[in-house]
Each structure stands twice: as structure tokens, then as C-alpha cells.
Amino acid sequence: MKSQESRRTAILKVGIVSIVLTFFLTGGPSAMAQQTVTSAALSGRVEDPNGAVVAGAQVVAINTLTKEERRAVTDAQGRYLLDGLPPGVYIVTVSAKGFTSATREARTTEANGAANFQLLVGTVGETVTVEDETARAEIERTPGGVAVISGRSLTQTRAYNVHDVFEFTPGVLAQSRYGSDEAQFSIRGSGLRNNYHGRGVNFLINGMPHMDADGFSEYEALDFLAAQRVEVWKGANALRYGGNTSGGAINLVTQTGKTAAPFELRVQGGSFGSFTGHVATGGERGRGNYFLSFTEVELDGYREHSQQGRQRFYGNFNFALDDRTDLNLDIVYANVGERYPGSLTREEFFRDPRAADPIYVQQDWGRFINYTRVGFGMRRRFDGGHEFSFNVFGQYRNLDHPIFNVLDQDTRTFGGEFRYSHTSERNRLVIGFAPQVTPNGGRRFENINGSAGAQTAHFDSLATNYGIYVENQFDIRPSFTLVTGARADWALRRFTDFFLADGDQSDERTFKAVSPKLGFVWRPRNQMQVFANASRSYEPPVLNIELISFGAPGFLPLGAQDTWQYEVGTRGRALQRLNYELTFFDLEINDEIINSSVRPFPGAPFTIPSFRSAPETRHTGLELSLDAALWQGLFTEGDAVTARTAYTFSRFRYVDDPTYFNNYLPGAPRHLVRSELRYDHPRGFWIAPNVDWSPATYFMDSANTARNDKYAVLNLRAGFDRQQWGIFFEASNLTDRLYSASVQVDNDAGSFFEPANGRSAYIGFTYKFKK
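Each chain has its residues counted from 1, following the order in which its sequence is written. Given that this is a predicted model, residues contribute local features only at a pLDDT of at least 70 and side-chain atom pairs are listed and counted only at 80 or more, while totals for whole chains, interfaces and linings are drawn from all residues. The basis for every side-chain value is the complete set of heavy atoms in the structure, and neither hydrogens nor water enter the calculation.

**Student:** Can you tell me about the environment of proline 341, naming the residues and giving the values?
**Tutor:** The helix and strand labels rest on DSSP assignments: H or I over at least four residues marks a helix, E over at least two residues marks a strand, and numbering proceeds from the N terminus. The residue proline 341 is located in the loop between strand 20 (325–339) and helix 6 (346–351) in this model. Note on contacts: a residue pair qualifies if any of its non-hydrogen atoms lie within 4.5 Å across the two residues. Excluding residues that lie within four positions of it along the chain, proline 341 makes contacts with Tyr178, Arg303, Glu304, His305, Ser306, Ala356, Asp357 and Tyr360.

**Student:** Go over the packing of aromatic side chains, please, and point to the residues and values.
**Tutor:** We call Phe, Tyr and Trp rings a pair once their centres come within 6.5 Å, taking the six-membered ring for Trp, and we label the pair stacked below 30 degrees between planes, edge-to-face above 60, and tilted otherwise. As enumerated under the stated definition, the model contains 27 aromatic pairs in all. With centroids separated by 5.2 Å and ring planes inclined at 15°, the aromatic side chains of tyrosine 196 and tyrosine 340 adopt a geometry described as stacked. Note that tyrosine 196 is positioned in the loop between strand 11 (183–187) and strand 12 (202–205) and tyrosine 340 in the loop between strand 20 and helix 6, a separation of 144 residues in sequence. Measuring from ring centre to ring centre gives 5.3 Å for phenylalanine 272 and tyrosine 302, while their planes differ by 70°; the resulting arrangement is edge-to-face. Pair noted here: phenylalanine 272 is in the loop between strand 16 (264–270) and strand 17 (274–285) and tyrosine 302 is in the loop between strand 18 (288–299) and strand 19 (308–320), with a separation of 30 residues, a long-range link. Accessibility assignment for this pair places phenylalanine 272 and tyrosine 302 in one class, buried. Think of it in three bands: residues with accessible area under 20% of the maximum for their type are buried, residues over 50% are exposed, and the middle band is partly exposed, with areas taken using a 1.4 Å probe on protein chains only.

**Student:** Report on the nonpolar core, specifying residues and quantitative values.
**Tutor:** Joining through side-chain atoms within 4.5 Å is the link that ties buried Ala, Val, Leu, Ile, Met, Phe, Trp, Tyr and Cys residues into a set, and such a set is a nonpolar core. Grouped together as the largest cluster of nonpolar side chains are 36 residues, with contacts concentrated most on Val162, Phe166, Phe185, Phe224, Val230, Val232 and Ile250. Not counting chain neighbours up to four residues away, the residues in contact with valine 162 comprise Ala174, Ala183, Phe185, Tyr219 and Phe224. Counting residues in hydrophobic clusters, the runner-up holds 20 residues, among them Leu85, Ala96, Ala106 and Phe117.

**Student:** So what's going on with the pairing of strand 30 (residues 578–598)? Residues and values would help.
**Tutor:** Most of strand 30 sits out of view: 15 of its 21 residues are buried. For two strands to count as paired, DSSP must find a minimum of two bridges between them. Two successive antiparallel strands, strand 29 (residues 561–574) and strand 30, enclose a turn made up of three residues, where leucine 575 displays a positive phi of approximately 60°. Inspection of the sheet shows strand 30 paired to strand 31 (residues 608–632) by 20 bridges, in the antiparallel sense. Within strand 31, the position partnered with leucine 587 by the bridge is histidine 619.

**Student:** An account of empty space enclosed by the protein is needed here, citing residue identities and associated values.
**Tutor:** Here a cavity denotes a set of grid points, spaced 1 Å apart and computed over the protein atoms alone, in which a 1.4 Å probe fits but from which it cannot get out, and a pocket denotes an open set meeting protein on both sides within 12 Å along at least five of seven lines; residues with an atom within 4 Å of a point are reported as lining. Grid points are joined across faces, edges and corners, and a volume is the space filled by probe spheres set on the points. A complete count under the given rule lists nine cavities of 30 Å³ or more for this structure. By volume, the largest cavity amounts to about 390 Å³. Surrounding the largest cavity, 26 residues form its lining, Arg158, His163, Ser732, Tyr739 and Asn757 being those nearest its centre. Contributions of two or more residues to the lining of the largest cavity are made by helix 5 (162–166), strand 10 (172–176), strand 34 (685–694), strand 37 (711–721), strand 38 (725–732) and strand 41 (760–768). Here the lining of the largest cavity takes three residues from strand 37, the largest share from any one element. Taken together, the residues of the lining of the largest cavity break down into seven nonpolar, 12 polar and seven charged. Space inside the second largest cavity adds up to approximately 130 Å³. Along the wall of the second largest cavity there are 15 residues; nearest its centre are Gly171, Val172, Leu173, Thr648 and Ser650. The element best represented in the lining of the second largest cavity is strand 32 (residues 640–654), accounting for three residues. Throughout, the ten residues Ala, Val, Leu, Ile, Met, Phe, Trp, Tyr, Cys and Pro are labelled nonpolar, Asp, Glu, Lys and Arg are labelled charged, and all others, Gly among them, are labelled polar. Across the lining of the second largest cavity, the residue classes tally to nine nonpolar, five polar and one charged.

Rendered as C-alpha cells:
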């Protein structure tokens, strides 16, 4: 086992190197400046997958320093020219009807630049926004696994839960529990400890945290139908966004008045009483723009006692005080009601997968939430590539939660972020400070058939987190970018017990750490990158779920989860038709927080969560993403056949654990494959069968005695899209396979299985006004 002394030495060495390089290189561009160029040009050629020219393509180039935007259109030979450009680095985006957009970075620093493109076939109605492609261009400078999921791709799914959104993102395990928003969610094993709700990943909406100060988050308020895109920053690649978790960050970016239609209506419904209604509007008024959306979701559920109901409202208001100063106001509201069916033993699972645990029905286990978040931000740009921004937010959550007790909690979270950035021709620096505080007040009562009985607990709690971070990207050469950074965190967890009949559980603990990062991106040739990074993350326990749980008079003896993460990979384009990304990762973890659902007393008909720290664990794996254009003009001119695959290999193990030796950690499929074959017709029809395949059994308990079965599930999606309207159809689990995609790990009662939905079908209709 790695000694604490050697671990501190490694942290110190990497930290010193990262911090020194970061602050030294921020002055590098001026010291290494090249001969001044006063004017330059950018040119290139745009082709389709077969090498034929694409005339009339729209070309947009944005200067990363000044944010100046220039446009051009390709001529009959597929060529474009942007002359008279200030020298510098540009993000160039090309879009054309019937093709997916493409983005790359181009430089005109030392001479005229060239940027050629080969577009993949897209779908009718597909549009490109500069904001989306700017986000994609950030990938080009990221030394690790990242992904951008477009709003367009979301509208061609139900977009009902996290599984619909992240199913083709390798490394992300997003398995819906009993068909609802609640999920088993993990990135590289980060959240395997949670049988409910989210930990180990930072969730954000429009860049503002959607979580408490101790890292607790939930999925029910996330409305993906309002999204312009969803960004996935794995591991330390989220440092630029204040990420301090081993899993990284998920950022849901909503539509704005610049991107949204004046009016949009979506209605969909299907099996198990599923209904979704979504209405949205957006527009521009002078210097301002706005976006408003409301979504209603109802679900009877595949299983007994699994009814769901959601109402979500999103509001986004932006105003430009002048050409350099932007203000924004962000509002989120969610009213959530859901009933829990519970998990099943193997015998119960095969006897009647649609049944609920009888105790869950008798005591009406469920979760009912009112959630509101309001955020305000400002961004100011200065000459020379300097930018300052800040945001402040407050959120309130009222929780009525009948489970083994009835929980009544009021949680308030206040926070913000102050960020300075500087962009020059060869250097990009960001420095930020992110304070967050979460006071919580709660009571617990006996559960008498779903109603509150005698009081069993009364408490206040306080979680705070203060983080300072810095990251620098320095182009040593046009083909090689060095990335350095660090984050310092100080956290407090305090619990004050007012119900002393069963003893005083009051307790307090502080945590602090410095987490360095060092990485690079190398571009050995056009449309190919090699990247690597080493980083640390430091995650104190969640207060009211992990530190205060069954088994201790005060806090459980949990340390902060301390992770060193290493990754190396490559991404790019091959054979003119294949986009790929391949990443190997290795997480070496001290004090990983492990869940154990235990019976509170012998013979108890239910389990409650408890936690322990595993001295040392290791998560290793591989992520592979492939997106290929297979054929064009198969049946008619302009049609296309494409394929995509997401594969994740996971090998998560204890290391010389005193109880579980070198066993596998439970809950993660060893292999997970999602593949889709898609046909697009130029008139707008498309059809896309896909398979969700877990080809090997995997363990559900740390003792490695219980396995989840392997499965292969066939699904089908199809649609007809026009510029203003579209029809969507989905048929899931076509063979009516009985399987459990999500599991309850280390359940002392042996209730590991959470049956996935049986055969089901859904249909939806969308209509939009033209802008």
C-alpha cells in the first residue's frame, strides 16, 4: 500500500511543477513573441466525405483574443478566403445544408493560415451555433476526455432521463432506476458509492452549480429539452470550470434568445402512462434576449408504485450594457414528485419484475421536492484579451421524503464564482475563486403508512466549500500545448443535534487540500491529437447522507476521497470518414467512500445507507468513441448511412483491503457497448436501430458473491424532420428482455436488482415558428 509520506511527496512534487509552470508560462507569450504581422489571410477548401467540393458552405472565423467574427461562403470550387484578418488564433466553423458542422483551430500568427474541411453527412433541419462550435473547439485544447452533446441530438431522443442523454458518451454510466430521472450515475466509477442521488460529479446549469456545497446533487430538476448543448468534462478536465471531483463536471447549457425559436411546442407520450409536454419561447429585443421554457412530465411507471411527476420552468435573460459588458439572469424552478418501488432479490426479480417491495408500498416511500434557483452574472471584456466575470446564485429546496423515516428538510445554498481570464496568441490563463455555503434544517419522524408519526430527529447542518483554482494553456509550438493548473480547497462539515433523547450526534470536521494538474495536447498532424494529463482530486464526504448515517454516535470515521488520476489518449479523424476518440485512464484512490446498505436491526424488512472508507482502490479503464460515415448515395442522391459506437471497459478493484482483499468494486459493468446504425434521407426521414450490450456479468457486492446478468437490448428510433416541424418515434427493448441495467450495490438484504423497462414505444411531435 502506498505510504502517506510517499503520497505527500508525490503531491508536493507535481504541485510545485504545476504551479511554477503555470505562473512562469503566463509571461511566456511576450517573452517568446514572433515577428509582428499586421495583416493576414485565412483560406481553405470544403469537401464532402467522397472528396467532392461543397459550394455555398457558411464559414465563420472567431478571433480567440478579440472575439471579432468574420464570415465567408465557399465558391463553386469549394474554396473560401478571409483576408485582412488581424494575426492570431481563430476558431473556424463550417456548416452546410445536409452536412454536420465542423470546427477546428487555425492560426495566422506568423503567416497566412489554411484550414481545410471535410464534412460528414448530416440531417435535414440541422443547424449550427457559434456557441456550440466554440465549446467543441475547446476540446481541441483539452488534455483528456471531454464531450459535447448537441441539443439537436437530444430532440431525436425522448430526452426523458440521463440515460437518454449520455448513452453514447463512453466512460459515463447513466442507468435510469425504474425508468425515472433517478439514476445510477458515474463517470469512471466516481459515483458508484451512491445508491440514490448524485455524488462524485459536479453538475452545473449555465455554468452555475446545481448542487449543495458538500457535493450532493440530484437529476430531477435537469430539463434536457431546454438544452442548447450538454458539456461533459471528465476528471481534472473540469478544473477550468472549478471541478474538484474525480468524475469531473456536467454543464447543461440552455437555449438563449439568440438560439431559440420564437415559439416551440413538443408533445410526446407512450408506454407505462408516459407523457411529456414542452413549450418554449425566445427572442431578441434591442440589446437584450430572453428564453423561457416549461415542461410537464407524467409517468405511471413500468413497476408498481413508481409513478412520477415533474414540472420544470427555465428562464434565461441576457442584456448587453455595451459591446464589452454582458449581464445575465438565470432562473430554474422544479416541482418533483416520485414514488419508489424499491429493489428486488433475484428470486423476486424473476418471479415478477413489475412488483414493488411491499414495505415501500405500505409506507409509501417516495420523494417530493420544490426547488428554486436564481443566479445573476456579469462578464466584462477589456483590451489585450483580458476578461473578468462573476456570478452569484441562491437555491432553495424543500424536501418531503417518506422512506424508513419521514424526512422534512429545508436546504438553502448560496455561492458564486469570480473568474479572471487572459487570452493571447499563445497563452490562455484562467484564475477563479468559488465560495459555496449550504445551511440545512431538518426533522425526521416515524413512518406510519406514509405519514409522519413521532419525531425521531431534529437538527441543523452547515456545509461550506471555498475553492481557488488556476489553469494555464501555453502553446510551446503551434502543434504542442502544455496545460498546468492547481486547485486549493477548504471545506467545513458541521452538524448540530437538537434531539437529544437518543444522544448528542453533534460533530464538526474540516478538510483542506491542494490539487495540482499537469498535461499536454500534441497535434502531430492535421486532424489528429495525442493528449495526456496527471491530476489530483479531493472530495470530502457529503454531510447529511454520508457523514451522518447509520452506525456512529456522531460523524462516521470517513476521510476525504483522495484521487490521483492519469489519462492518455488520442482523438481525430481517419480515412476521411471516421471520427474517433480513445482514452486510457487510471485512478489511484485513497479512502474511497464505499456504500453499504445495512439492516438497522436484525430482521428489518428494509435497509438504510451506511458508508466506510476503503484504504486504497484503483479504477482503470478504456473509453472508445467512433462516429463513421459508411455510405452516401445508397438509394438516392444525398442520402447517407452512418454508424456510431461508444465502448467502455472498466476494471475497478480494492487494493489489499483488510476485508475485501483485491476484489472487484461492485456496480460497474466490465464492458459496456452502445452501437447505432443510422440511415438519413435528404427529405428528412431517418431511422436508427441501436443495441445496448453488457456482454459480461459483473458483481453487485464487495464480497463478489452476487453477479448481475449480462444482457443485450435492441432498440429503434426513427423520425421525419423539417425546418419547422418533426415527428419522433422510439421503440425500446424490442425483444422484451428481462434485465437490470441499474443495481443497488452492497445491499445487506440481497435486494440488488432494479428491473429495467420491458418492451415499450413512444411517439412525439415538435413544431417551431421560424425566427
